[in-house]
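# Remarks on the overall topology
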Amino acid sequence: MAQARTTTRGDGAREARIGSGARIRGKIHGEGDLLVEGQVEGDVAIRGELTIAEGASVVGEAVEAQGVTIAGALEGDVAATGQVRLAAGARVRGNLRGSAVSIEDGARFSGRLDCEFDLPPELGGSSRGETRGRPAARR
Amino acid sequence: MASTVIGAGITVEGEITTDEDIVVAGTVRGKLSAKEAVTIEHGATVEADVVGSSLTVAGALTGNVTANERVDLQSGSRVVGNVKASRVTIADGALFKGNVDMDV
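Residues numbered from 1 in each chain as written. Chains lettered and ligands numbered in written order. Predicted model: local features only at pLDDT ≥ 70, side-chain atom pairs only at ≥ 80, totals over all residues. Heavy atoms only, no water.

## Some words on the environment of Gly67 of chain A
Residues and elements named next belong to chain A. By the element assignment, Gly67 lies in strand β8 (residues 67-70). With a relative accessible area of 4%, Gly67 lands in the buried category. Filtering out sequence-adjacent residues up to four positions away, Gly67 remains in contact with Gly48, Glu49, Leu50 and Gln83. (Helix = DSSP H or I, 4+ residues; strand = E, 2+ residues; numbered from the N terminus. Buried < 20%, exposed > 50% of the residue type's maximum accessible area, 1.4 Å probe, protein only. Contact = heavy atoms within 4.5 Å.)

## Here we look at the pattern of salt bridges
Residues and elements named next belong to chain A. Tallied over the entire structure, the rule returns 10 salt bridges over all chains. We note a salt bridge from Glu41 to Arg25, for which the minimum N-O separation is 3.8 Å. With Glu41 in strand β4 (residues 39-41) and Arg25 in strand β2 (residues 22-31), this pair connects stretches of sequence that are 16 residues apart. Residue class for Glu41 comes out partly exposed when judged on its relative accessible area of 31%. Through salt bridges with shared partners, one network takes in Arg23, Arg25 and Glu41. (Salt bridge = Lys/Arg side-chain N within 4 Å of Asp/Glu carboxyl O.)

## Brief notes about the interface of chain A and chain B
Taken together, the 22 residues of chain A in the interface contact 21 residues of chain B. Between chain A and chain B, roughly 1700 Å² of surface is buried when both sides are summed, and carbon and sulfur atoms account for 50% of that area. Where chain A meets chain B, there are zero salt bridges. Applying the counting rule to chain A against chain B returns 13 residue pairs in polar contact (both at pLDDT 80 or more). Among the elements of the structure, β1 (16-18) and β2 of chain A are those that each provide at least two residues to the side of chain A that touches chain B. Counting residues per element, the side of chain A that touches chain B draws most heavily on β2 of chain A, which supplies 10 residues. Grouping the constituent residues of the side of chain A that touches chain B by class yields seven nonpolar, eight polar and seven charged. (Buried area = accessible area lost by both parts, 1.4 Å probe. Polar contact = N/O pair within 3.5 Å; in protein donor to acceptor, adjacent residues only side chain to side chain. Nonpolar A, V, L, I, M, F, W, Y, C, P; charged D, E, K, R; others polar.)

## A word on the nonpolar core
Of all hydrophobic cores here, the largest spans 55 residues; its most connected members are Leu34 and Leu50 of chain A together with Ile6, Leu55, Leu61 and Val71 of chain B. For this core, the element with the most residues is strand β6 (residues 45-57) of chain B, which contributes five residues. Val71 of chain B has contacts with Leu55, Val65, Val83, Ala85, Arg87, Val88 and Thr89 of chain B, leaving out every residue within four places of it along the chain. (Core = buried A, V, L, I, M, F, W, Y, C linked by side-chain atoms within 4.5 Å.)

## What to know about the environment of Ala73 of chain A
All names here are of chain A. Note on placement: Ala73 falls in strand β9 (residues 73-80). In sequence terms Ala73 and Val59 are 14 residues apart; their C-alpha atoms lie 8.2 Å from each other. With residues near it in sequence (within four places) discarded, Ala73 still touches Ile52, Ala56, Ser57, Val58 and Arg91.

Dropping the structure here:
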């Protein structure tokens, strides 16, 4: 399949896809990328990239993946080992954790951001690893 | 490409319903119902009752099957359960245990 953007590890890590007419109630887990265009009610835990397309919705307690891109609706806590990206049009309610989190103009988000990074020295951070910033989006 | 694909590394535990077709290359436990074609690929494991317009099995399926049109059990498939469809084929090399109801 010519769609793989990330390097696929091992064999048979073919992309999985929940079509726009599909609805899953239950748990999804395993290896490989997952594209959600339909509706998922339940937890998602994959080792791969999770993409929630425009018009799709995921409602669960916990969403775990390597990288998460959201253009649709998501309710639940996200824990990513890589990047979390909220595209314009995304509607997200829950806490986000990732190595990096980006929120595009037009995305709606309510929850907490949990993203550890080093503050630059001019903002009071030490040169290496001492001070950790932890921004909280919700007041 | 099918509208819904459960990839080879993916497991779904629960209920899948779709208005379109679906290909399972991974594992599904629970219930699977589609308005269009259902394909269970070689290497896939499905432990679920399956409803669809048609069903093609090349992998392992445990559960009862109802198809509006047809069911094809291909060589290498392993199916345990009852099959209900007006047209059913079981290829040489398919393993099947269960009842067939062709609605005669």
